[in-house]
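Residues per chain, in single letters:
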Amino acid sequence: MAVRHRLVQATPQAVWDVLADGGLYAEWVVGTSDSKPEAGQWPQVGATLTYEVRLGPLRLNNESVVRHKVDGSLLEIEAKAGRLGTARISVALRPWGEQCLVIVDEHPLRGPGGLLHNVGVEAVIQVRHRTMLARLARLCESEAGGRSRPDPSDTAGSVEYRPGTTGHA
């Protein structure tokens, strides 16, 4: 099971706004292009997006279906890759101060992807997630505008040092 996280310099709502926009899907999901709504209203449960996945000269038409969501904090989709099988991808958002901790958890559900899942495949998924989270962060931080929350400049650390004091009361 591939789990990866990233601290995004935007509020959870700003990140959710990007996840909830099906038109932006191909901009942050690695390997996809030309995403478009197929059925339902993204990200409502049951809504689908179709997109193309390019593997060298090979072109695959895939789809993602929303299986579960909690507005503002969790989006779980099933990515369907035809004969290659399906995968569950969960994107959880957690407030982290004024920012958002994004946690992606992916694992195969059906088909050859589950049978072939091993340490090597896990490593490839980790690289993919690193890139995907970087794209998502870039998109959220630029889309957030005024809702972007960088670290406050006065938080260099949690320990205050004053020369000449012993620290005792």
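What counts and how
Residues numbered from 1 in each chain as written. Predicted model: local features only at pLDDT ≥ 70, side-chain atom pairs only at ≥ 80, totals over all residues. Heavy atoms only, no water. Helix = DSSP H or I, 4+ residues; strand = E, 2+ residues; numbered from the N terminus. Buried < 20%, exposed > 50% of the residue type's maximum accessible area, 1.4 Å probe, protein only. Contact = heavy atoms within 4.5 Å. Areas by Shrake-Rupley, 256 points an atom, 1.4 Å probe, with all protein chains shown as cover. pLDDT = per-residue confidence, 0-100. Salt bridge = Lys/Arg side-chain N within 4 Å of Asp/Glu carboxyl O. Pairing = 2+ DSSP bridges. Axes fitted to C-alpha atoms, helices over the stretch in contact; angles between N-to-C directions. Phe/Tyr/Trp six-rings, centres within 6.5 Å; stacked < 30°, edge-to-face > 60°.

Undergrad: Help me understand the overall build of the protein chain, please; the structure alone is not making it clear to me.
TA: Regarding its fold elements, the protein chain presents 4 helices and 7 strands. Overall, the protein chain shows an N-to-C arrangement of helices and strands of β-α-α-β-β-β-β-β-β-α-α. Put simply, the protein chain has 169 residues, and 41% of those count as buried. Sequence separation of 24 or more characterises 48% of the internal contacts of the protein chain that already satisfy a separation of 6 or more. Counting every atom, the protein chain has about 9,900 Å² of accessible surface; 55% of that belongs to carbon and sulfur.

Undergrad: Hey, could you run me through the confidence of the model for the protein chain in this one?
TA: For any part of a model where pLDDT is low, the fine detail of the predicted coordinates should not be relied upon. On average, residues of the protein chain score 79 in pLDDT, and 76% of them are at 70 or above. Note on residues 152-163: pLDDT is under 50 here. Beyond four places in sequence and across chains, it has 0 contacts.

Undergrad: Just checking my understanding: could you explain the pattern of salt bridges for this structure?
TA: When their charged atoms lie close together, side chains carrying opposite charge are able to pair. Applying the stated rule across the entire model yields 6 salt bridges. The salt bridge partner of R88 is D105, with a shortest N-O separation of 3.5 Å. With R88 in strand β6 (residues 86-96) and D105 in strand β7 (residues 99-110), the pair connects residues that are 17 residues apart, well separated along the chain. On the accessibility criterion, D105 (16% relative accessible area) is buried. Salt bridges sharing partners connect three or more residues here, namely R67, E78 and R110.

Undergrad: I keep staring at the sheet that holds strand β5 (residues 74-80) and nothing clicks. Help me out?
TA: Pairing is antiparallel in the open sheet, where 7 strands are placed in the order β1-β7-β6-β5-β4-β3-β2. Edge strands, defined here as strands with exactly one partner in the open sheet, are β1 (2-8) and β2 (32-39). When the angles between neighbouring strand axes are averaged without regard to direction, this sheet yields 25°. Of the strand pairs in this sheet, β2 and strand β3 (residues 48-55) are connected by 5 bridges, and their pairing is antiparallel. Bridge pairing in β3 links S33 to E52. Packed onto the sheet, helix α1 (residues 12-19) meets β1, β4 (58-70), β5, β6 and β7 and runs at close to 155° relative to β6.

Undergrad: Would you mind going over unusual backbone geometry with me for this structure?
TA: Most peptide bonds take the trans form, and the phi angle of most residues other than glycine is negative. Between W42 and the following residue, P43, the backbone shows a cis peptide bond with an omega angle of 5°. Position of P43 among the secondary structure elements: in the loop between β2 and β3.

Undergrad: Would you explain the pairing of β7 in this entry?
TA: For a regular strand, the rule is simple: side chains alternate between the two faces of the sheet. For β1 and β7, the ladder comprises 7 bridges, and the chain directions are antiparallel. Paired with R4 across the bridge in β7 is V104. Hairpin connection from β6 to β7: 2 residues lie between these consecutive antiparallel strands, with G97 at a positive phi of about 65°.

Undergrad: Help me understand the packing of aromatic side chains, please; the structure alone is not making it clear to me.
TA: Scanning all chains against the criterion turns up 3 aromatic pairs. Relative to W28, the ring of Y25 has its centre 5.7 Å away and its plane inclined at 70°; by these criteria the two rings are edge-to-face. Highlighted residues: Y25 and W28, both in helix α2 (residues 25-28), separated by 3 residues, approximately one helical turn. The two residues Y25 and W28 agree in class, both being buried. When the ring of Y25 is compared with that of Y51, the centres are 5.5 Å apart and the planes differ by 40°; the resulting orientation is tilted. With a gap of 26 residues between them, Y25 in helix α2 and Y51 in strand β3 connect regions that are remote in the sequence. When sorted by exposure, Y25 lands in the same class as Y51, which is buried. Here the aromatic cluster, defined as three or more aromatic residues joined through ring pairs, consists of Y25, W28, W42 and Y51.

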